[in-house]
Structure formats: structure tokens, C-alpha cells
Amino acid sequence: MAARIQVQREARRGEIIEVRVLIQHPMETGFRYDAFGRQTPRNVIYSFECRYGGIEVFRAAMGAGIAANPYLRFFLRAKDSGDIECRWVDQENASGTVSARVNVDG
Amino acid sequence: MALLTRQGARRRFLAALVALLALPRRALAQAVVNPAPGIDARTINTPQGALQAILNGAAMRKGRVRLELPRVAEDGHSVPLTVRVDSPMSDADHVRRIDLVSEKNPVPLMATFFLGPHMGRAEIESRVRLNGTQRVTAIAQLSDGSFWFDAADVVVEESACLDGG
């Protein structure tokens, strides 16, 4: 699963930083039929979590209501230099991760 | 005379039959609207059911939450959505979770976000699927347990879920 994370590299302590994550995933709703009339089974990324410096800071439980190629934009308060790691898993148990490092000074 | 009473009996029997047929449907609707606590809201396929499962008997007030959606969405497969909550996001006072409920989607609960004081700002943007013109509701639960909401009406020109996912 290809994915992208965008975070600023440098931040001052206490600054609010923006995190943008884009994951390539069809987010199959389970309401779609193929050319043979067979129902495509539902397969969505149902769990997404973000850790900053090893601490869970944000989590999302998603359903078929989230568009294909899910995009999430959220904020974190810069505390210490460390990795922002996002991890997700879909209903076929395929998981993915993406991470970015942020350097905090001051 | 005997015929009349028999007719009366038949009428009563028919009335009872109609009542019996009407009752199970009403009882069923009641069960969906008031789900037992602990049921995963995503399995409840009415927006009222999803709301009840989130609130679990608590009241929600309008305010503090801002839900931003385009007034008109050309493509229901991907509609940008931003939800903001007026909160200092401190250890003592922060947003605990935000639920997005659709009025017309086959699965009304679109997403649940779990937030915390590390986030600094209670603002999340994503893209949702919308099955037709409808009202979308965002419900935020704060760290004191209170629920706040905002709703936005969106006109969807091409609905999701028709075909092509």
C-alpha cells in the first residue's frame, strides 16, 4: 500500500504542526458488483493510528463512508524531536505504515 | 341475531389480525431506534440508531463544533469535510472523540476519530462518500463527557454507491 505523509521537518517546542496522510486504498464498500454480478466483498481500512515519539496521539475508526484513497489531516503539538508514525490495517489484514521525523528545538 | 354476533366476531377477529400484523413491524422499528447499549454503531443501519449508540442516553447540544462541507458536491464519492472543535486541547479540557454520521448512507457512521491533548488543535480534515443529498452530523465528546454537535446540509449531484464504488 503506497502512502504519503507530509509534516514540516523543523518545529519550535509547543508549536502546532500539521500532519497530512494520504493512503492508496480502494476502501471497498461491499455494495459494488463486478461484471459477473458478484458482490465485491467489503474491505476498508478500519483502523488508523498515529504515534508521536512512541505515544499514541490520534486514532481513527473508519468505515465505508470514507472515500477511496483515504486522506487525513490533523494536528500535533511539537514536544520533542521524534518520529511521527502512522499505521493502519484493512479487513483483509493488510497493514501499512508511514513515518516522518520532526526536529524540535527551543 | 346469531348471524349478527358471528359477524361481530369476525370483525373483531379481523381487527385483531390487523393489529397483530401492525405490531411486529412497530416493535422492530423500536428495536432499531433504541439499540441495546454496547452494540457497535457501525452495525446499526439507521442514523438514529448510530446516534443513540454514540450518545448512550446522554444529551447533545449544538455549538462548539464546526462542520464544514461544500454546499454542493459534484461527486458524492469524495466530498471534502473538515470538523473543528473549540477546545484548548489541554490535559484537563480536550476533545475525546468525534463521530461523523450520515443521514442517507447505507452505513450511517462514517468514521470515529479519537483525539487527545497531544494534538494541540481539534481539527480534522478528510474526504467522505455521500449517498445523495443529505444532512451530515458531527458529534464531539469532550473530556468532561459532554456531547456537542454541528450539522451541515450538502447537495450531492452524483451520488456514491450507485455503481463504480
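A.B. asks: Before we move on, can you summarise the overall build of chain A with the specific residues and values?
C.D. replies: The helix and strand tally for chain A stands at zero helices and eight strands. Overall, chain A shows an N-to-C arrangement of helices and strands of β-β-β-β-β-β-β-β. Computed over its C-alpha atoms, the radius of gyration of chain A comes to 16 Å, more than 25% above the 13 Å expected for a compact globule of 106 residues. Taken over the C-alpha atoms alone, chain A extends approximately 60 × 20 × 20 Å along its principal axes. Looking at chain A alone, contacts between residues at least 24 apart form 57% of all its contacts between residues at least 6 apart.

A.B. asks: An account of the interface of chain B and chain A is needed here, citing residue identities and associated values.
C.D. replies: Every contact between the two is made by 28 residues of chain B and, on the other side, 28 residues of chain A. Elements with a contribution of two residues or more to the side of chain B that touches chain A: β6 (109-114) and β7 (123-128) of chain B. Here the side of chain B that touches chain A is composed, by residue class, of twelve nonpolar, ten polar and six charged.

A.B. asks: Lay out helix α2 (residues 47-55) of chain B in plain terms, naming residues and giving numbers.
C.D. replies: An α-helix turns once per 3.6 residues; consequently, residues spaced three or four apart project the same way. Considered for burial, the residues of α2 of chain B that qualify are Gly 49, Ala 50, Leu 51, Gln 52, Ala 53 and Ile 54 of chain B. Asn 56 of chain B occupies a position one or two residues after α2 of chain B and carries a positive phi of about 50 degrees.

A.B. asks: Account for the confidence of the model for chain B, naming residues and giving values.
C.D. replies: With 77% of its residues at a pLDDT of 70 or more, chain B has an overall mean of 83. Long-range and interchain partners of residues 26-37 of chain B, a stretch whose pLDDT sits below 50, account for 13 contacts in this model, where long-range means more than four residues apart.

A.B. asks: Lay out the nonpolar core in plain terms, naming residues and giving numbers.
C.D. replies: Residues Leu 76 of chain A together with Val 65, Ile 98, Met 119, Val 128, Ala 138 and Ala 140 of chain B are the most contacted members of the largest nonpolar core, which totals 64 residues. The leading source of residues in this core is strand β9 (residues 147-158) of chain B, at five residues. For Val 128 of chain B, the residues in contact, after removing those within four places along its chain, are Gly 65, Ile 66 and Ala 67 of chain A together with Val 79, Leu 81, Leu 100 and Met 110 of chain B.

A.B. asks: Could you give me a rundown of the pairing of strand β4 (residues 79-85) of chain B, with the residues and numbers involved?
C.D. replies: Residues and elements named next belong to chain B. For β4, the buried fraction is high: five of the seven residues fall into the buried class. Strand direction decides the pairing type here: β4 and β7, joined by six bridges, are antiparallel. Of the residues in β7, the one forming a bridge with Thr 82 is Glu 125.

A.B. asks: Outline the confidence of the model for chain A, supporting the account with residue identities and numerical values.
C.D. replies: When pLDDT is averaged across chain A, the result is 93; 100% of the residues are at 70 or more. The element-level mean pLDDT for chain A is lowest in strand β2 (residues 10-12) of chain A, coming to 94, with strand β6 (residues 71-77) of chain A highest at 97.

A.B. asks: Could you give me a rundown of the sheet that holds β7 of chain B, with the residues and numbers involved?
C.D. replies: Taken in spatial order, the six strands of this open sheet run β1(A)-β3(A)-β6(A)-β7(B)-β4(B)-β2(B), and their pairing is antiparallel. Edge positions in the sheet fall to β1 (3-6) of chain A together with β2 (65-68) of chain B, since each of these pairs with one other strand and no more. If you compare each strand with its neighbour and ignore which way they point, the axes differ by 15 degrees on average. Here β2 of chain B runs beside β4 of chain B; their pairing, made up of four bridges, is antiparallel. In the sheet register, Arg 66 of chain B faces β4 of chain B, and the bridge partner there is Arg 84 of chain B.

A.B. asks: An account of the environment of Val 79 of chain B is needed here, citing residue identities and associated values.
C.D. replies: All names here are of chain B. Its place among the elements puts Val 79 in strand β4. Residue classification places Val 79 among the buried residues on the basis of 20 C-beta atoms within 10 Å. Sequence spacing of Val 79 and Arg 129 is 50 residues, and the spatial spacing of their C-alpha atoms is 6.3 Å. Setting aside chain neighbours within four positions, we find Val 79 in contact with Leu 69, Pro 70, Ala 73, Arg 127, Val 128, Leu 130 and Val 154.

A.B. asks: Any chance you could break down the environment of Gln 91 of chain A for me, citing the residues and the numbers?
C.D. replies: Residue and element names in this part refer to chain A. Here Gln 91 is to be found in the loop between β7 (82-90) and β8 (95-105). Each C-alpha atom of the pair Gln 91 and Pro 41 lies 9.8 Å from the other, and the pair is 50 residues apart in sequence. Contacts of Gln 91, omitting those with residues within four sequence positions, involve Arg 42, Asn 43, Val 44 and Tyr 46.

A.B. asks: Let's hear about the environment of Gly 54 of chain A: which residues, and what values?
C.D. replies: Tracing the backbone shows Gly 54 of chain A in the loop between β4 (45-52) and β5 (55-62). With 28 residues separating them in the primary sequence, Gly 54 of chain A and Gly 82 of chain A have C-alpha atoms 8.4 Å apart.

A.B. asks: How would you explain unusual backbone geometry if you had to name every residue and give the values?
C.D. replies: All names here are of chain B. The phi torsion at Asn 56 lies on the positive side, around 50 degrees, for a residue other than glycine. Structurally, the position occupied by Asn 56 is in the loop between α2 and β1 (60-62). Positive phi outside glycine occurs at Arg 64, with the angle close to 65 degrees. Position of Arg 64 among the secondary structure elements: in the loop between β1 and β2.

What counts, and where the lines are drawn
- Residues numbered from 1 in each chain as written.
- Chains lettered and ligands numbered in written order.
- Predicted model: local features only at pLDDT ≥ 70, side-chain atom pairs only at ≥ 80, totals over all residues.
- Helix = DSSP H or I, 4+ residues; strand = E, 2+ residues; numbered from the N terminus.
- Rg over C-alpha atoms; globule rule 2.2 N^0.38 Å.
- Contact = placed C-beta atoms within 7 Å.
- Nonpolar A, V, L, I, M, F, W, Y, C, P; charged D, E, K, R; others polar.
- Buried ≥ 20, exposed ≤ 12 C-beta atoms within 10 Å, placed from the backbone.
- pLDDT = per-residue confidence, 0-100.
- Core = buried A, V, L, I, M, F, W, Y, C linked by C-beta atoms within 7 Å.
- Pairing = 2+ DSSP bridges.
- Axes fitted to C-alpha atoms, helices over the stretch in contact; angles between N-to-C directions.

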